[in-house]
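Here are the chains, one letter per residue:
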Amino acid sequence: WHEAQKLLPATATDIRVRFFAHAPGGKAWQVKAVERYNDCAWITDFSGGHPAETIWFRTGDGATLALDVVFELRGALHHCYVCRAWNAARSQLPSPEAWECWEEDASRPVHEVDVATLEAADGAAPLHVAFGDPQLYFVCTRKRMCAAARELLKVHRQTLDGLRELDGRMTGQWVGANTGQTASAGLGIASAVLLFTVPPLGAA
C-alpha cells in the first residue's frame, strides 16, 4: 500500500485532479477513467480510446464546496484505475457527485478534524462572501491571516508546555535510574574490596 496526502489552500478554486501510475525510472502513465457504478468498466470515447480520469472541484457555483476527498486506486501499472472515491466532508452536501462511489458504508472515509489554524481563519472571515470584490477580499484575507497566526501561536505555546512537561518527567526518571546504577556500582566495588580483606563479608 502507498498513501499520499495533498493539502490545498482554503481559497483554492477550479481544482483539477488527475492521476498517474509511476514506474521505476521515472516513466508515468495517466490513469484512465472508469464507471465506478458499473463494476469499474473502462470508459470509451468517440474515437474508441480511453480518456484520462479527470475530476473537478470548486467550479462555478460550487466554489465554496467543503472538501475532504479520498481516492483509492487499484490495478497493475498499465491498468491502474480509481476504484473508489468519496468526499468525507459531505455532511452538509446533497446526494453524491457523479464521480463519487463508495458502496460499503462501514469503510467509507470519515471527515478528519480540520486544522486549528484553518478553523480559526474560517471563523474570523468566510472567504466566499468576498469573491468578486477585491477590497472586501483583502479585508477578509487579512482577518483570516491574523486569526490563523494567533491560533498558530497558541499551538506553539501548547507544544512548548508539553515539551517542558515531558522533559521534567524524563529528567526525574533519568536521575532515579542513575542514582540506582551509581549505588549498585558502589556496592559492587565495596564487595570486591571486602572479598580480599574480609572474605566472608565480601562473599555475602
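For the structure itself, look to the data block above.
Rules behind the numbers
- Residues numbered from 1 in each chain as written.
- Predicted model: local features only at pLDDT ≥ 70, side-chain atom pairs only at ≥ 80, totals over all residues.
- Heavy atoms only, no water.
- Helix = DSSP H or I, 4+ residues; strand = E, 2+ residues; numbered from the N terminus.
- Buried < 20%, exposed > 50% of the residue type's maximum accessible area, 1.4 Å probe, protein only.
- Contact = heavy atoms within 4.5 Å.
- Core = buried A, V, L, I, M, F, W, Y, C linked by side-chain atoms within 4.5 Å.
- 1 Å grid on protein atoms, 1.4 Å probe; cavity = no way out; pocket = protein on both sides within 12 Å on 5 of 7 lines; lining within 4 Å.
- Points joined across faces, edges and corners; volume = space filled by probe spheres on them.
- Nonpolar A, V, L, I, M, F, W, Y, C, P; charged D, E, K, R; others polar.
- Patch = residues over 30% accessible without salt bridge, like charges linked within 9 Å, V, L, I, M, F, W, Y side chains within 5 Å.
- Areas by Shrake-Rupley, 256 points an atom, 1.4 Å probe, with all protein chains shown as cover.
- Salt bridge = Lys/Arg side-chain N within 4 Å of Asp/Glu carboxyl O.
- Phe/Tyr/Trp six-rings, centres within 6.5 Å; stacked < 30°, edge-to-face > 60°.
- Lys NZ or Arg CZ within 6 Å of the ring centre and 35° of its normal.
- Pairing = 2+ DSSP bridges.

**Thoughts on the overall build of the protein chain**
Helix and strand counts for the protein chain come out as three helices and eight strands. Secondary structure of the protein chain in N-to-C order comes out as β-β-β-β-β-β-β-β-α-α-α. Within the span of the protein chain, comprising 204 residues, buried residues form 23% of the whole. Counting contacts in the protein chain only where the partners sit at least 6 residues apart, residues at least 24 apart contribute 41% of the total.

**Brief notes about the nonpolar core**
Grouped together as the largest cluster of nonpolar side chains are twelve residues: Ala12, Ile15, Val17, Phe19, Ala21, Val31, Ile55, Phe57, Cys80, Val82, Ala85 and Trp99. Secondary structure elements with two or more residues in this core: β1 (15-18), β6 (54-57) and β8 (81-87). The residues touching tryptophan 99, leaving out its near neighbours within four places in the chain, are Arg36, Ile55, Phe57, Val69, Phe71, Ala85, Trp86 and Asn87.

**Section: the layout of surface pockets**
Considering only enclosed or pocket space, the second largest pocket measures out at about 190 Å³ in volume. Contributing to the lining of the second largest pocket are Arg36, Asp39, Cys40, Arg74, Tyr81, Cys83, Arg84, Cys101, Trp102, Glu103 and Glu104. With three residues, the single largest contributor to the lining of the second largest pocket is β8. Looking at the lining of the second largest pocket residue by residue, the classes come out as five nonpolar, no polar and six charged.

**Here we look at a nonpolar patch on the surface**
There is a patch of nonpolar side chains on the surface, built from Leu160, Leu163, Leu166 and Met170 and spanning about 330 Å² of accessible area. Within the secondary structure layout, leucine 160 lies in helix α2 (residues 134-197). A relative accessible area of 32% means that leucine 160 is categorised as partly exposed.

**Concerning the packing of aromatic side chains**
What the rule picks out here adds up to five aromatic pairs. For the ring pair phenylalanine 57 and tryptophan 99, a centre distance of 5.2 Å and an interplane angle of 80° mean the geometry is edge-to-face. Highlighted residues: phenylalanine 57 in strand β6 and tryptophan 99 in the loop between β8 and α1 (116-124), separated in sequence by 42 residues. With respect to burial, phenylalanine 57 and tryptophan 99 carry one shared label: buried. Relative to tryptophan 99, the ring of phenylalanine 71 has its centre 6.0 Å away and its plane inclined at 45°; by these criteria the two rings are tilted. Taken together, the residues span a long stretch of sequence, with phenylalanine 71 in strand β7 (residues 69-74) and tryptophan 99 in the loop between β8 and α1 at a distance of 28 residues. In this structure an aromatic cluster arises from ring pairing among Phe19, Phe57, Phe71 and Trp99. Seen from the ring of tryptophan 86, arginine 108 lies directly overhead, with NZ or CZ sitting 4.0 Å from the centre.

**Concerning the pairing of β8**
Among the seven residues in β8, seven count as buried, and that is most of the element. Of the pairings in the sheet, the one linking β7 to β8 comprises six bridges and is antiparallel in character. Across the sheet, the residue bridging to glutamate 72 is arginine 84, located in β8. From the end of β7 to the start of β8, which pair antiparallel, there are six residues, and glycine 75 there has a positive phi angle of about 110°.

**As for the pattern of salt bridges**
A complete count under the given rule lists seven salt bridges for this structure. Between arginine 36 and glutamate 53 there is a salt bridge whose closest N-O contact spans 3.0 Å. Here the residue arginine 36 occupies a position in the loop between β4 (34-35) and β5 (41-42), and glutamate 53 occupies one in the loop between β5 and β6, the gap between them amounting to 17 residues. Side by side, arginine 36 and glutamate 53 carry an identical accessibility label, which is buried. Within the structure, one salt-bridge network assembled from shared partners comprises Glu72, Arg74, Arg84 and Glu104.

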